[in-house]
Amino acid sequence: MNAFATILLLVIANVFMTFAWYGHIKLQQLKIIGDNTPLYAIILLSWGIALAEYCFQVPANRIGFSGNGGTFSLMQLKVIQEVITLVIFTLFTVVFFKGESLQWNHFAAFVCLILAVYFVFMK
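Colleague: Just to check I follow, could you spell out the overall build of the chain for this structure?
Modeller: Helix and strand counts for the chain come out as four helices and zero strands. Counting helices and strands in the order they occur from the N terminus, the chain gives α-α-α-α. Burial statistics for the chain: of 123 residues in total, 28% are counted as buried. Look at the contacts in the chain between residues 6 or more apart in sequence, and 72% of them connect residues 24 or more apart. Carbon together with sulfur atoms contributes 73% to the accessible area of the chain, which is approximately 8200 Å² in total. Averaging the locations of the 6 positively and 4 negatively charged side chains of the chain gives two centres separated by 8 Å.

As structure tokens, then:
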């Protein structure tokens, strides 16, 4: 159950972080944020969203870390988080940025990350 809760919290955290990092670009395209909106305002907006990300990321790492009774080592947590980040980012890009397309090299990179997960869990 620890592992499931950890992964669920990491997924939620990464949804928030993806919106914090890239959502302002889509908001600008939709004309919700103007082209002349000051950068500091965009940064503050992103920080606000990133705060929500931290509210999920930090508990995920505390719950999931084997030193706290969780299932994963720090290295495993980081690799899992990176794979989740890539999956969330890919879905975000395909759904919200219609002009972006997946190429063969993107899939090759995904395979490399899956291999990274395999290797980090090898005993």
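Colleague: Please clarify how the packing of aromatic side chains should be interpreted in this entry.
Modeller: Aromatic ring pairs are reported here in terms of the distance separating the ring centres and the angle at which the planes meet. What the rule picks out here adds up to 10 aromatic pairs. Ring geometry for Phe16 against Phe56: centres 5.7 Å apart, planes inclined by 10°, an arrangement best described as stacked. A residue pair is termed long-range when its members are at least 10 positions apart, and Phe16 in helix α1 (residues 2–29) and Phe56 in helix α2 (residues 39–64) qualify at 40 residues. Relative accessible area serves as the criterion here: at 24%, Phe56 is assigned to the partly exposed category. Ring geometry for Phe19 against Phe92: centres 4.9 Å apart, planes inclined by 85°, an arrangement best described as edge-to-face. Here Phe92 lies in helix α3 (residues 74–96) and Phe19 lies in helix α1, a separation of 73 residues in the sequence. Using a relative accessible area of 32% as the deciding quantity, one classes Phe19 as partly exposed. Note on Phe92: relative accessible area 5%, which makes it buried.

Colleague: I tried to follow unusual backbone geometry on my own but got confused; where do I start?
Modeller: Across residues other than glycine, the phi torsion is negative in most instances, and most of the peptide bonds are trans. Backbone geometry at Lys31 places phi at a positive 65°, although glycine is not the residue there. Here Lys31 is to be found in the loop between α1 and α2.

Colleague: So what exactly am I meant to see when it comes to the packing of α3 against helix α4 (residues 104–121) here?
Modeller: Helix-helix packing is described using two parameters, namely the angle between the two axes and the distance between the axes. Between α3 and α4, the shortest axis-to-axis distance is 9 Å and the interhelical angle comes to 160°. Put simply, α3 runs roughly antiparallel to α4. Relative to α4, α3 is oriented so that their crossing is left-handed. Residue-level contacts link Met75, Gln76, Val79, Ile80, Val83, Leu86 and Thr90 of α3 to Phe110, Leu113, Ala116, Val117, Val120 and Phe121 of α4.

Scoring rules and cut-offs
Chains are numbered independently. Their residues run from 1 in the order of the written sequence. Owing to the predicted nature of the model, reporting of local features is limited to residues with pLDDT of at least 70; listing and counting of side-chain atom pairs is limited to 80 or more, with chain, interface and lining totals taken over all residues. Here the side-chain values reflect all heavy atoms present in the structure, with hydrogen atoms and water set aside. Counting from the N terminus, the helices are the DSSP runs of H or I reaching at least four residues and the strands are the DSSP runs of E reaching at least two. Under the scheme applied here, a residue whose accessible area is under 20% of the maximum for its type counts as buried, over 50% as exposed, and between as partly exposed, the area being computed with a 1.4 Å probe on protein chains only. What makes two residues a contact is simply this: any of their non-hydrogen atoms within 4.5 Å. The protein chains shown are the only cover counted for residues, whose accessible areas, like all others here, come from Shrake-Rupley with a 1.4 Å probe. Only four residue types enter the tally: Lys and Arg on the positive side, Asp and Glu on the negative side, with His and both chain ends excluded. All charge positions are set by atom: Lys at NZ, Arg at CZ, Asp at CG, Glu at CD. Stacked, tilted and edge-to-face are the three classes assigned to paired rings of Phe, Tyr and Trp, where Trp is represented by its six-membered ring and a pair needs centres within 6.5 Å; plane angles under 30 degrees give stacked, over 60 edge-to-face, the rest tilted. What counts as an axis is a line fitted to C-alpha atoms, over the stretch in contact for a helix, and the angles between N-to-C directions run from 0 to 180 degrees. Roughly parallel means an angle under 35 degrees; roughly antiparallel means over 145; roughly perpendicular covers 65 to 115; every other angle is labelled oblique. By the definition used in this description, the sense in which the near helix is turned from the far one sets the handedness, with an anticlockwise turn below a right angle giving left-handed and a clockwise turn giving right-handed.

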